[in-house]
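Okay, here's what each chain looks like letter by letter:
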Amino acid sequence: QVQLVESGGGLVQAGGSLRLSCAVSGRTFSDYVMGWFRQPPGKEREFVATIDWAGSRTEVADSMKGRFTISRDNAKNTVYLQMNSLKPEDTAIYYCAARMYYGLRFSDSRSYPHWGQGTQVTVSS
């Protein structure tokens, strides 16, 4: 059973930065493709970014390209989401997720069977 634990959320002013971390345990981390999703208040969960097993391929949602970067450290069993130039509309609960394959349906949350509990990010104006 794989466990995912997010950290690094908090309150930040618009224009600021945060780095989220997701620590994975229970299974071989490098076997998993990792993703970040978020759920703004009153809205549905949406795709943020994904990264392949080795960290050589990534995808980032269009609205976040140039501001958000996903990376991973397989030696530390951790995936990161660096968020810069944050906006109030980035306020959401951020979740990390894991699945076994890369590519097809990468932005569909239903294709990820493993999830963390989420971490709150609040951006004040």
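Cut-off values and rules
Residues numbered from 1 in each chain as written. Predicted model: local features only at pLDDT ≥ 70, side-chain atom pairs only at ≥ 80, totals over all residues. Heavy atoms only, no water. Pairing = 2+ DSSP bridges. Helix = DSSP H or I, 4+ residues; strand = E, 2+ residues; numbered from the N terminus. Axes fitted to C-alpha atoms, helices over the stretch in contact; angles between N-to-C directions. Contact = heavy atoms within 4.5 Å. Disulfide = S-S within 2.5 Å. Patch = residues over 30% accessible without salt bridge, like charges linked within 9 Å, V, L, I, M, F, W, Y side chains within 5 Å. Areas by Shrake-Rupley, 256 points an atom, 1.4 Å probe, with all protein chains shown as cover. Salt bridge = Lys/Arg side-chain N within 4 Å of Asp/Glu carboxyl O. Buried < 20%, exposed > 50% of the residue type's maximum accessible area, 1.4 Å probe, protein only.

Taken in spatial order, the four strands line up as 1-3-8-7 in an open sheet, and their pairing is antiparallel. Both edges of this open sheet fall to strand 1 (3-7) and strand 7 (68-73), since each of them pairs with a single strand only. In this sheet, neighbouring strand axes are inclined to one another by 15 degrees on average, regardless of whether the strands run parallel or antiparallel. Summarising the sheet, strand 3 (residues 18-25) and strand 8 (residues 78-83) pair through six bridges and their orientation is antiparallel. Within strand 8, the residue paired with Ser21 across the bridge is Tyr80.

Below, the discussion takes up the environment of Ala23. Mapping Ala23 onto the fold places it in strand 3. Taking the C-alpha atoms as reference points, Ala23 and Leu4, 19 residues apart in sequence, are found 5.7 Å from one another. Contact partners of Ala23, with chain neighbours within four places excluded, come to Gln3, Leu4, Val5, Asn77 and Thr78.

Now for the state of the cysteines. Per the counting criterion, the structure on display carries one disulfide. One disulfide in the model links Cys22 with Cys96; its S-S distance is 1.9 Å. With the S-S bond torsion at 45 degrees, the cross-link from Cys22 to Cys96 turns out right-handed. Here the residue Cys22 occupies a position in strand 3, and Cys96 occupies one in strand 9 (residues 92-99), the gap between them amounting to 74 residues.

Time to look at a nonpolar patch on the surface. Residues Met100, Tyr101 and Leu104 make up a contiguous nonpolar surface patch of about 320 Å² in total accessible area. By secondary structure assignment, the location of Met100 is in the loop between strand 9 and strand 10 (114-115). Classification of Met100 by relative accessible area gives partly exposed; the value is 47%.

A word on the pairing of strand 8. Here is the key point about a regular strand: its side chains alternate between the two faces of the sheet. Counting buried positions along strand 8 yields five of six residues, so the element is predominantly enclosed. Of the pairings in the sheet, the one linking strand 7 to strand 8 comprises six bridges and is antiparallel in character. Pairing of Thr69 across the sheet is with Gln82, part of strand 8. Hairpin connection, strand 7 to strand 8: the antiparallel pair is bridged by four residues, and Asn77 has positive phi, about 55 degrees.

Interpretation note: all reported values are geometric properties and have no functional meaning in isolation.
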